[in-house]
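Structural overview for review
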Amino acid sequence: MEFTRGDNRFYKEEDGKLVAEITWVPQGDTVAVDHTFVDPSLRGQGVAEKLVDRVVEEMQKEQKKIKPVCPYVGKLFERKPDKYEHVQAFD
């Protein structure tokens, strides 16, 4: 699934309707990922994790760490430390 990059977000629209989105707030050399949304029509397809993976990919290019403020992202980072620990910002 392809996502469009906006100002501090990746998103997907279908027929002019927002169906998936992840947002972040820049904080110097880190970003706080603060919101993840997936329309009910897409749930259960791994779209939220694909959004997170897209942000991870982009932040690695920018050499930034991610602070998982969004509850979903926090749980995902906890469940899959091997996949995300390298990019997670620790206080």
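Residues numbered from 1 in each chain as written. Predicted model: local features only at pLDDT ≥ 70, side-chain atom pairs only at ≥ 80, totals over all residues. Heavy atoms only, no water.

With that out of the way, let us pick up the overall build of the protein chain. The secondary structure content of the protein chain amounts to three helices and five strands. Secondary structure elements in the protein chain, listed N-terminal to C-terminal, are β-β-β-β-α-β-α-α. Computed over its C-alpha atoms, the radius of gyration of the protein chain comes to 13 Å, within 12% of the 12 Å expected for a compact globule of 91 residues. On the principal axes, the C-alpha backbone points of the protein chain span a range of 40 × 25 × 20 Å. Counting across all 91 residues of the protein chain, residues that qualify as buried make up 40%. Counted over contacts in the protein chain with a minimum sequence separation of 6, partners at least 24 positions apart contribute 43%. One finds the centroid of the 15 positive side-chain charges in the protein chain at a distance of 2 Å from the centroid of its 18 negative side-chain charges. (Helix = DSSP H or I, 4+ residues; strand = E, 2+ residues; numbered from the N terminus. Rg over C-alpha atoms; globule rule 2.2 N^0.38 Å. Buried < 20%, exposed > 50% of the residue type's maximum accessible area, 1.4 Å probe, protein only. Contact = heavy atoms within 4.5 Å. Lys, Arg positive; Asp, Glu negative; His and termini not counted. Charge placed at Lys NZ, Arg CZ, Asp CG, Glu CD.)

The next point concerns the sheet that holds strand S3 (residues 17-27). Spatially, five strands are ordered S1-S2-S3-S4-S5 in an open sheet, and the strand pairing comes out mixed. At either margin of the open sheet sits one strand with a lone partner, and together these are strand S1 (4-6) and strand S5 (65-68). Adjacent strand axes in the sheet meet at a mean angle of 30° when their direction is disregarded. As defined by bridge partners, S3 adjoins strand S4 (residues 30-38) across eight bridges and the pair is classed as antiparallel. Its bridge partner lying in S4, Pro26 is registered against Val31. (Pairing = 2+ DSSP bridges. Axes fitted to C-alpha atoms, helices over the stretch in contact; angles between N-to-C directions.)

Attention now goes to the environment of Phe77. Mapping Phe77 onto the fold places it in helix H2 (residues 71-79). For Phe77, a relative accessible area of 3% gives the class buried. Discounting residues that sit within four places of it in the chain, Phe77 has contacts with Val52, Ile66, Pro68, Tyr84, Val87 and Gln88.

Our focus in this paragraph is the packing of aromatic side chains. Applying the stated criterion across every chain yields a total of two aromatic pairs. With a centroid separation of 5.4 Å and 45° between ring planes, the pair formed by Phe10 and Trp24 is classed as tilted. With a gap of 14 residues between them, Phe10 in strand S2 (residues 9-14) and Trp24 in strand S3 connect regions that are remote in the sequence. Pair check on accessibility: Phe10 and Trp24 agree, each one buried. For the pair Phe77 and Tyr84, a centre-to-centre distance of 4.9 Å together with 10° between the ring planes defines the contact as stacked. Since its relative accessible area comes to 1%, Tyr84 is described here as buried. Positioned above the aromatic ring of Tyr11, the side-chain terminus of Arg9 is 3.8 Å from the ring centre. (Phe/Tyr/Trp six-rings, centres within 6.5 Å; stacked < 30°, edge-to-face > 60°. Lys NZ or Arg CZ within 6 Å of the ring centre and 35° of its normal.)

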